[in-house]
Each structure stands twice: as structure tokens, then as C-alpha cells.
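Chain by chain, the residues:
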Amino acid sequence: MRQRYKPWADDFLEENSHLIIPDPSKHKNKWRRLFGNDNPIHIEVGTGKGQFLIGMAGQYPNVNFIGVEFVKSIIVTAAEKVILSEQKNILLLNEDAADLLEIFSENELTTIYLNFSDPWPKNRHEKRRLTYQSFLEKYQVILNPSGEVIFKTDNRGLFEYSLVSFSKYGMELNEINLDLHDHDDPTNVMTEYEEKFSAKGQPIYRCRARFLNKK
Ligand SMILES: C[S@@+](CC[C@H](N)C(=O)[O-])C[C@H]1O[C@@H](n2cnc3c(N)ncnc32)[C@H](O)[C@@H]1O
């Protein structure tokens, strides 16, 4: 995702620390307190510029949404959009998904969205894919027993890899969709990448996956 360098990004982060939460491990097991309600928590990992999160927050006002994005300049763009949207049920974290276990406690989340995750097509980069086993291990801990991972992508190779990775890990696969836009689904909130790729006529793949044996 291309972004301009934003030299003022650090100041922006500091001024908006109510939205882009610094030192998030302090809130481990206390995220609902920060939202000021007892609603379920859904996170998007690799949230990009925030379009999906804002759309979902509007559609589901009784859900707390958290976007995790490790590129500072991108999360600043997402934050600017969240501020304009005036949605109160969104928080953002400028963090690496590799650190999710430091940020969320066991069973704290209901849903993890992986939208158009970077494919990392080279074999030697497999460990960076957000559906690699080491990430699944983290998702398994922080999702509650009925929680699920919902994965959307335009990338056939990453989709196939991820279905295998989920299955090998013993996850239950549900609703494997090979052309999400084949029919109108008014509940589907499009991400920036989804808009771009579906406008080019590319099929969008989606699946839902659940951990059967929660540790
Ligand atoms: C291809 S973009 C997709 C953005 C958005 N989800 C969408 O669908 O439009 C992937 C995003 O994931 C972020 N990302 C990749 N790996 C990450 C990680 N380990 N932790 C946090 N963010 C990550 C990238 O910086 C990038 O913004």
C-alpha cells in the first residue's frame, strides 16, 4: 500500500492517543472498559486506511471494532477517516500482528477479520503471511470459543494456501466463497482493496474459519 511520508505523523499520534492507543498492552483484558461498554470486540488485522472498519462500525453499532496496522503513515490516514466518520466504536493500534498476545488476553475477541492480507508469494516469506501457523496460534488464544476468523482476498494463491493452513491447524472451514460479488450482499462491507480489485472484474474469495479445540 503506497503512502506519502508524513513527518508530522508522530505529533498526530500523540494528539489522538484517545483513538490510536499507545502502549496497548496496558489495556490487555480491559478493552471493553476503554470502550465504556460490554459489547463484543472484533479486530481487523492489517486494517489499511480504515474503510472496512468504518463501514462495519456504522452497520454494527453494538460491536467494538479495533484496527491493527503496523505502518504509521497508513494508520494516520485511517485515523483521519475515523475522526471524520464520528464513529465512537472504533479504536486503532499502530502495532504488528506478531504482538497480538501482548495486547489481548485469552478469549477477549469475538471476530478477527483478515482483509486482503499481503500475499508474500515467495516461499521464504511464508512466515509473514497472516494465515501462517504462528499467527493462527495467536488467534486461537485471543478468540473466544465461538469466535471466528473471516478472511477475504483477491489472491487465489493466498486463498488456497490459507484454506490449507486453516485445515492443517484443525480449524473448521465455513462458507467458502469463490466469488463473493457473484450476487448482491447488502451486508458485505467493501475494503479499499476489495473495491479496487472487484472494479477490475477480479473475483473476491472469502471464508470463515473456527477453532474447534480452543486451548
Ligand atoms: C494489502 S493491504 C490491505 C488493507 C485493507 N485491509 C484493505 O483490504 O483494503 C495490507 C495491510 O496490512 C498491513 N499489514 C501487513 N502485515 C501486518 C502485520 N503483521 N501487522 C499489522 N499490519 C500488517 C499492511 O501494512 C497493509 O496496510
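Preceding this section is the structure that the text describes.
Summarised in this report is the structure supplied together with it. The residue numbers shown here count from 1 along each chain, following its written sequence. Residues qualify for local features only when their pLDDT is at least 70, as the model is predicted, and side-chain atom pairs are given and counted only at 80 or more; totals for whole chains, interfaces and linings, by contrast, use all residues. Derived side-chain values reflect all non-hydrogen atoms in the structure, with water molecules and hydrogen atoms excluded from consideration.

### Overview of helix α3 (residues 51-59)
- Under the scheme applied here, a residue whose accessible area is under 20% of the maximum for its type counts as buried, over 50% as exposed, and between as partly exposed, the area being computed with a 1.4 Å probe on protein chains only. Each helix is a run of DSSP H or I of at least 4 residues and each strand a run of E of at least 2, with the numbering of both proceeding from the N terminus. Those residues of α3 not exposed but buried are F52, L53, I54, M56 and A57.
- Those residues of α3 hidden inside the fold are in contact with β1 (41-45), β2 (64-68), α4 (72-85), β3 (90-93), β4 (109-115) and β5 (143-153). By definition in these notes, contact holds between two residues if any of their heavy atoms fall within 4.5 Å.

### Concerning the pattern of salt bridges
- When a carboxyl oxygen of Asp or Glu lies within 4 Å of a side-chain nitrogen of Lys or Arg, that pair is called a salt bridge. Scanning the entire structure with this criterion turns up eight salt bridges.
- Across the salt bridge formed by K72 and D10, the nearest N and O atoms sit 2.5 Å from each other. Linking K72 in helix α4 with D10 in helix α1 (residues 9-15), this pair joins segments that are 62 residues apart in sequence.
- A relative accessible area of 34% means that K72 is categorised as partly exposed.
- Taking the shortest distance from any N to any O, the salt bridge between E148 and R208 comes out at 2.7 Å. Of the two residues, E148 is situated in strand β5 and R208 in strand β7 (residues 205-211); the sequence distance between them amounts to 60 residues.
- Here the residues in one salt-bridge network are E148, E175, R206 and R208, joined through shared partners.

### Considerations on the nonpolar core
- In this structure, W31, I43, I66, L100, F104, I112 and Y139 are the most contacted members of the largest nonpolar core, which totals 36 residues.
- A total of five residues in this core trace back to one element, the largest contributor, which is helix α7 (residues 156-168).
- What F104 contacts, discounting residues up to four positions off in sequence, is K28, W31, I43, I66, L93, L109 and I142.
- Here, the term nonpolar core denotes a set of buried Ala, Val, Leu, Ile, Met, Phe, Trp, Tyr and Cys residues that are joined through side-chain atoms within 4.5 Å. Formed by 22 residues, the second largest nonpolar core is a distinct cluster that contains F12, A78, A79 and Y113.

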